[in-house]
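Spelled out from the first residue to the last, the chains are:
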Amino acid sequence: MAHSVLTHPERILWPGTAYSKQSLADYCIAVAPWLLPGLAERPLSILRCPDGIGAECFFQKHHTAGLGAHVASLMLREKSGARASYLCVRDLDGVLDLVQMNTLEFHVWGARVDDVEHPDRLVFDLDPAPGVPWREVIAVAREVRDRLRAAGLASFARLTGGKGVHVVVPIVRGPDWTTVKAFCRAVAEAMAADAPERCVATAAKAKRSGRIFIDWLRNARGATAIASWSPRARAGAPVAMPLRWDELGRTRGGNDYDLAAALRRARTLRSDPWQGFADLQQSLPAAPH
């Protein structure tokens, strides 16, 4: 299948590596069967780095004409009540148009474009303070999983490509953003109350020293989380990687997979590490007290 021609394909986007703009395009083409299911048909925020991660990068959530013919525009209501044009992609051509515009990261809403007011997934973002051992992050991720399982919800693990882990929960659409956010907040606050030496449910930096912030704020309308298989604009070109739960204990950090390792994984995976994610029909229970 022919795709649009890249300009400056030789430009190194991650200084200190061989990863160029062409490398990024080739990666997106190779992993498209894994990348697109969690990315397509959702409002997007993108991180663009026109001169690579060694120079200025910026987030963009609104659609602009120069993004490419395959990048769709989506009119959404803002908090102010005004309407604005957001961006989304429907296929690989849209992703490659964004790569042409030096997009290194893809962040998605927890809802699809056909019903942006009703989310279909929850994300608990486990963000460790500096110095917290990785084994502690894994332990807290498993604790989130177990609490959700006790509430009747299956969940899935993803390395963020940064410092932490996402615990992701597919749900049947129905509850609105306020309800979903309240549920996630209640889970995070219950964990922080039970293990205050280990977890915190507030973003206040002063309270996070030595602890893991269970970030439930990803579950607000307009908030985003990094998409599975998305690269990150960080040293070494790490990738946000979905895992089976039994793989998590063998990882060494949230940035275990770089572009090359992610490519190898995509080529050798025999089954989806999130097997069943898209087919799970689980309803959001009442928030824990």
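Up top is the structure these notes are about.
Every value quoted in this text rests on a predicted model; they were computed, and no experiment measured them.

Quick word on the sheet that holds strand β8 (residues 165-170)
Then, in step 1: If you walk across this open sheet you meet the 6 strands as β9-β10-β6-β8-β7-β12, and the pairing is mixed. Each edge of the open sheet carries a strand with a single partner, namely β9 (199-200) and β12 (241-243).
Then, in step 2: Where strand β6 (residues 121-128) meets β8, 6 bridges bridge the pair, whose relative direction is antiparallel. Along β8, the bridge assignment pairs L126 with V165.
Then, in step 3: Helix α4 (residues 177-194) contacts β6, β9 and β10 (212-215) of the sheet and is inclined by roughly 35° relative to β6.

Thoughts on the pairing of strand β1 (residues 44-48)
Then, in step 1: In terms of burial, β1 is a largely internal element, 5 of the 5 residues being buried.
Then, in step 2: In this structure, β1 lies alongside strand β5 (residues 103-108), joined through 5 bridges in antiparallel fashion. Residue pairing across strands places L44 opposite V108, the latter belonging to β5.

Section: the state of the cysteines
Then, in step 1: Tallying each qualifying case throughout the model produces 1 disulfide.
Then, in step 2: There is a disulfide in this structure between C49 and C57, and the S-S distance comes to 2.2 Å. Between C49 and C57 the disulfide shows an S-S torsion of about 115°. By sign, it is right-handed.
Then, in step 3: Note on C49: relative accessible area 0%, which makes it buried.
Then, in step 4: C28 forms no disulfide, and the closest cysteine sulfur to it belongs to C49, at a distance of 13 Å.
Then, in step 5: For C88, which is in no disulfide, the shortest distance to another cysteine sulfur is to C28 and amounts to 17 Å.
Then, in step 6: Among the residues examined, C88 registers a relative accessible area of 0% and is labelled buried.

Some words on the nonpolar core
Then, in step 1: Within the largest apolar cluster, 78 residues are counted, with the highest numbers of intra-cluster contacts made by V95 and F124.
Then, in step 2: Apart from the residues lying within four places of it in its own chain, the contact partners of F124 are V144, L148, V165, H166, V167, V169, C184, V187, I214 and D215.

Regarding the environment of A193
Then, in step 1: Examined against the element boundaries, A193 turns out to sit in helix α4.
Then, in step 2: For A193, a relative accessible area of 57% translates into the label exposed.
Then, in step 3: Here the alpha-carbon distance between A193 and A262, two residues 69 residues apart in the chain, equals 37 Å.

Here we look at the packing of helix α1 (residues 21-35) against helix α6 (residues 259-268)
Then, in step 1: At a closest axis distance of 10 Å, the pairing of α1 and α6 adopts a crossing angle of 45°. For the element pair α1 / α6, the angle class is oblique. Pair α1 / α6 crosses with left-handed handedness. Packed against α1, whose contacting residues are Y27, A30, V31 and W34, the element α6 presents L259, A262, L263 and A266 at the interface.
Then, in step 2: Looking at the contact of α1 with α6, its residues break down into 8 nonpolar, no polar and no charged.

Reading guide: rules and limits
Residues numbered from 1 in each chain as written. Predicted model: local features only at pLDDT ≥ 70, side-chain atom pairs only at ≥ 80, totals over all residues. Heavy atoms only, no water. Pairing = 2+ DSSP bridges. Helix = DSSP H or I, 4+ residues; strand = E, 2+ residues; numbered from the N terminus. Contact = heavy atoms within 4.5 Å. Axes fitted to C-alpha atoms, helices over the stretch in contact; angles between N-to-C directions. Buried < 20%, exposed > 50% of the residue type's maximum accessible area, 1.4 Å probe, protein only. Disulfide = S-S within 2.5 Å. Core = buried A, V, L, I, M, F, W, Y, C linked by side-chain atoms within 4.5 Å. Parallel < 35°, antiparallel > 145°, perpendicular 65-115°, else oblique. Left-handed = near helix turned anticlockwise from the far one by under 90°. Nonpolar A, V, L, I, M, F, W, Y, C, P; charged D, E, K, R; others polar.

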